[in-house]
Amino acid sequence: MDTVGLWSLVRFAHVAGAALWVGGQLALSLVILPLARRLLAPEVKDDFTAAAGRRFGMLTGAVFLPVQLATGCAMAWHRGVTWASLAEPGYGRTLAAKLALFVVVMLAAAGHGIAHAKGRADLARALAVVSLVGSLGVVLLATALPAT
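Let us look at the structure shown here.

The rules behind each value
Numbers given for residues are sequential positions, taken from 1 along each chain in its written order. In view of the model being predicted, local features appear only for residues whose pLDDT reaches at least 70, and side-chain atom pairs are presented and counted only at 80 or more, with totals across whole chains, interfaces and linings using the full set of residues. Side-chain measures were taken over the full set of non-hydrogen atoms in the model, leaving aside hydrogen atoms and water. To count toward a patch, a residue needs a relative accessible area above 30% and no salt bridge. Like charges then connect within 9 Å, nonpolar side chains (Val, Leu, Ile, Met, Phe, Trp, Tyr) within 5 Å. We get accessible surface area from the Shrake-Rupley algorithm with a probe of 1.4 Å; when it comes to residues, only the shown protein chains can shield them. By salt bridge we mean one thing: a side-chain nitrogen of Lys or Arg within 4 Å of a carboxyl oxygen of Asp or Glu. Counting from the N terminus, the helices are DSSP H or I runs at least four residues long and the strands are E runs at least two residues long. Take the residue count of a helix, subtract one, and multiply by 1.5 Å to get its expected span. Throughout, exposure labels follow a simple rule: accessible area from a 1.4 Å probe, protein chains only, divided by the maximum for the residue type, with under 20% read as buried, over 50% as exposed, and the rest as partly exposed. Whether two residues are in contact is decided by their heavy atoms: any pair within 4.5 Å suffices. Convention adopted: a line fitted to C-alpha atoms gives each axis, helices being fitted over their contacting stretch, and angles between N-to-C directions are expressed from 0 to 180 degrees. Helix crossings get a hand from a simple test, with the near helix turned counterclockwise from the far one by less than a right angle marking a left-handed crossing and a clockwise turn marking a right-handed one. Residues are sorted three ways: Asp, Glu, Lys and Arg are charged, Ala, Val, Leu, Ile, Met, Phe, Trp, Tyr, Cys and Pro are nonpolar, and all the rest, Gly among them, are polar. Roughly parallel means an angle under 35 degrees; roughly antiparallel means over 145; roughly perpendicular covers 65 to 115; every other angle is labelled oblique.

Observations regarding a nonpolar patch on the surface
Here is step 1: Taken together, the side chains of Leu30, Val31, Ile32, Leu35, Leu39, Leu40, Val44 and Phe48 make up a nonpolar region of the molecular surface, amounting to roughly 690 Å² of accessible area.
Here is step 2: Elements supplying a minimum of two residues to the nonpolar patch: α1 (6-39) and α2 (42-79).
Here is step 3: Top contributing element to the nonpolar patch by residue count: α1, with five residues.
Here is step 4: Tracing the sequence through the fold places Leu40 in the loop between α1 and α2.

Things to note about helix α4 (residues 121-144)
Here is step 1: Compared with an ideal rise of 1.5 Å per residue, which puts 24 residues at 34 Å, α4 spans 35 Å between its outermost C-alpha atoms and is within 8% of the ideal.
Here is step 2: Restricting attention to buried positions, one finds in α4 the residues Ala124, Ser131, Leu132, Gly134, Ser135, Gly137 and Val138.
Here is step 3: Packed against the buried residues of α4 are α1 and α3 (91-117).

What about the environment of His78?
Here is step 1: Considering the arrangement of structural elements, one finds His78 in helix α2.
Here is step 2: Judged by its relative accessible area of 37%, His78 falls in the partly exposed class.
Here is step 3: Residues His78 and Ala16, 62 residues apart in the sequence, show an inter-C-alpha distance of 19 Å.

Observations concerning the packing of α1 against α4
Here is step 1: α4 packs onto α1 with a crossing angle of 145° between their chain directions and a minimal axis gap of 9 Å. When the axes of α1 and α4 are compared, the crossing they make is left-handed. For the pair formed by α1 and α4, the contact residues are Trp21, Val22, Gln25, Leu26, Ser29 and Arg37 on the first element and Arg125, Ser131, Leu132, Ser135, Leu136 and Val139 on the second.
Here is step 2: Looking at the contact of α1 with α4 residue by residue, the class counts come to six nonpolar, four polar and two charged.

Looking at the packing of α2 against α3
Here is step 1: Between α2 and α3, whose axes approach to 12 Å, the crossing angle comes to 160°. Comparing the axis directions of α2 and α3 gives the class roughly antiparallel. Crossing angle aside, the handedness with which α2 passes α3 is left-handed. For the pair α2 and α3, contact is made by Ala50, Leu65, Leu69 and Arg79 and by Tyr91, Phe102, Met106 and His116, respectively.

Remarks on the pattern of salt bridges
Here is step 1: A full pass over the atoms with the stated rule returns two salt bridges.
Here is step 2: Salt-bridge contacts for Lys45 lead to Asp46; the nearest nitrogen and oxygen are separated by 3.4 Å.
Here is step 3: In this structure, Arg125 and Asp122 form a salt bridge, with 3.8 Å as the shortest nitrogen-oxygen distance. Here Arg125 pairs with Asp122, and both are found in helix α4, just three residues apart, close to one helical turn.
Here is step 4: For Asp122, a relative accessible area of 62% gives the class exposed.

Laid out in structure tokens, this is it:
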């Protein structure tokens, strides 16, 4: 048990939360919604896709986002990250890029929900793609950061 300490558990929660969040986006976008559009009757399809998106959004807001923010802030505190250190080459700039992209992803996800609610399907779809691609970028940048 010498190798699994508190910070290993915090990092595990951060990585597991990100995997579930990004994996959920991929499963919805690449498997569930395309099948629903192809197999369900039009009057059922719209209700199903809206309910699936709403449920995933609620899960994101209630579980994934709080876990990511809490564990991310804890790991930054543990490593001694400051606002000034985010401008330093290496870890600081990579973390700053990850945080900036995370903000873009959250704005795109919120915009997707708003556009979907207002019936602007093309804009909602484009913002969903931005959110998904940005999420993958966040994961890519996270892999470049050394473990805390």
